[in-house]
Amino acid sequence: MCDEEILALYREGEHERAFNELVKSYSERLYWHIRTFVPSHEDADDLLQDVFMKVWTSLPSFRGESRLFTWVYRIATNETLNSLRKRRLRNVISLTSEDRSFVESLESDPFFDGDAVQKRLVIAIRRLPGKQRLVFVMRYFEELDYKEISEILQTSVGSLKASYHHACMKIRNEMSLHF
């Protein structure tokens, strides 16, 4: 079901059905978007539930100034970043021990079936600064165009292109160090 149909259902008072369609339309994409930033399936699943709760409570205030897709992705991105900030504040630890913990979590995760190169790539992406990581993931893995990313992150296309370029260079350098 497309966004316009979901919004029409909501406007017609079929709130629960509209929300169910929204969840059906976006669950998988949002899960993998969130999963890029958190080390475990359980954390991603919990965050996804938080995102949909936020969407549910905020849907009455959705004004339609952006596409529903953009609005939902912005909520998912913000909730994920807020969760990561809170986690970092609680766990003031060094980057290397955080990386080690992340790798251990990744290796023990039954949903990760990658080889050493894929693991190295995941770690390289994880080491990127927040905005570069977001832009890289959204552009490379989620195949969003710069205009969509610009609407989600509320920044200019030029800035996004620069962030993506810098992210690619850092990943390339990180990967070349280990091979």
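Residues numbered from 1 in each chain as written. Predicted model: local features only at pLDDT ≥ 70, side-chain atom pairs only at ≥ 80, totals over all residues. Heavy atoms only, no water.

If you check an unreviewed UniProt entry, the chain appears there as Sigma-70 family RNA polymerase sigma factor from Candidatus Cryptobacteroides excrementavium. What the UniProt record of the chain gives under Sequence similarities (unreviewed entry) is the line "Belongs to the sigma-70 factor family. ECF subfamily." (UniProt positions renumbered as here; feature names shortened; annotations may be inferred.)

Describe the overall build of the chain, and please don't skip the residues or the numbers.
In terms of helices and strands, the chain carries nine helices and zero strands. Each helix and strand of the chain, ordered N terminal to C terminal, gives the series α-α-α-α-α-α-α-α-α. Restricting to contacts in the chain with at least 6 residues of sequence separation, those with at least 24 account for 61%. Carbon together with sulfur atoms contributes 52% to the accessible area of the chain, which is approximately 10300 Å² in total. (Helix = DSSP H or I, 4+ residues; strand = E, 2+ residues; numbered from the N terminus. Contact = heavy atoms within 4.5 Å. Areas by Shrake-Rupley, 256 points an atom, 1.4 Å probe, with all protein chains shown as cover.)

So what's going on with the pattern of salt bridges? Which residues, and what values?
Across all of its chains, the model carries eight salt bridges by this definition. The partner of Lys-54 in a salt bridge is Glu-79, with the nearest N and O atoms 3.5 Å apart. With Lys-54 in helix H3 (residues 41-58) and Glu-79 in helix H4 (residues 68-90), this pair connects stretches of sequence that are 25 residues apart. Given a relative accessible area of 18%, Glu-79 falls into the buried group. Its salt-bridge partner being Glu-148, residue Arg-67 comes within 3.3 Å of it at the nearest N-O pair. In this pair, Arg-67 is assigned in the loop between H3 and H4 and Glu-148 in helix H8 (residues 146-153), connecting sequence segments 81 residues apart. (Salt bridge = Lys/Arg side-chain N within 4 Å of Asp/Glu carboxyl O. Buried < 20%, exposed > 50% of the residue type's maximum accessible area, 1.4 Å probe, protein only.)

Report on H8, specifying residues and quantitative values.
Of all the residues in H8, the buried ones are Tyr-146, Glu-148, Ile-149, Ser-150 and Ile-152. The opening residue of H8 is Asp-145, an N-cap whose side-chain oxygen sits 3.1 Å from the backbone nitrogen of Lys-147. (Polar contact = N/O pair within 3.5 Å; in protein donor to acceptor, adjacent residues only side chain to side chain.)

Can you lay out the nonpolar core for me, pointing to particular residues and giving the numbers?
Residues Leu-22, Leu-30, Leu-68 and Trp-71 are the most contacted members of the largest nonpolar core, which totals 46 residues. Among the elements of the structure, helix H1 (3-11), helix H2 (15-35), H3, H4, helix H6 (116-126), helix H7 (130-141), H8 and helix H9 (157-177) are those that each provide at least two residues to this core. The element contributing the most residues to this core is H4, with eight residues. The contacts of Leu-30, once residues within four sequence positions are left out, are Leu-48, Val-51, Phe-52, Val-72, Tyr-73 and Ala-76. (Core = buried A, V, L, I, M, F, W, Y, C linked by side-chain atoms within 4.5 Å.)

Before we move on, can you summarise the packing of aromatic side chains with the specific residues and values?
In total, this model carries eleven aromatic pairs according to the counting rule given. On the numbers, 4.8 Å between centres and 70° between planes, the contact of Phe-19 with Trp-56 is edge-to-face. Separated by 37 residues along the polypeptide, Phe-19 in helix H2 and Trp-56 in helix H3 bring together distant segments of the chain. Exposure remark for Phe-19: the relative accessible area of 15% places this residue in the buried category. Centre to centre, the rings of Phe-136 and Phe-141 are 6.0 Å apart; their planes meet at 80°, and the pair counts as edge-to-face. A relative accessible area of 6% places Phe-136 in the buried class. Counting every residue linked through ring pairs, the aromatic cluster contains Phe-136, Tyr-140, Phe-141, Tyr-146 and Tyr-164. (Phe/Tyr/Trp six-rings, centres within 6.5 Å; stacked < 30°, edge-to-face > 60°.)

I'd like a description of H9, backed by residues and values.
Along an α-helix, residues three or four positions apart point the same way, because every turn accommodates 3.6 residues. With 21 residues, H9 extends 30 Å between its outermost C-alpha atoms, agreeing within 8% with the 30 Å of an ideal straight helix rising 1.5 Å per residue. Within the span of H9, buried status applies to Leu-160, Ser-163, Tyr-164, Ala-167, Ile-171, Glu-174 and Met-175. Along the axis of H9, the buried positions cluster into a sector of 100°, meaning they face one direction only. In H9, the exposed residues that point more than 90 degrees away from the buried face are Arg-172 and Leu-177. Along its buried surface, H9 packs onto H6, H7 and H8. (Expected span 1.5 Å × (residues − 1). Arc of directions from axis to C-beta.)

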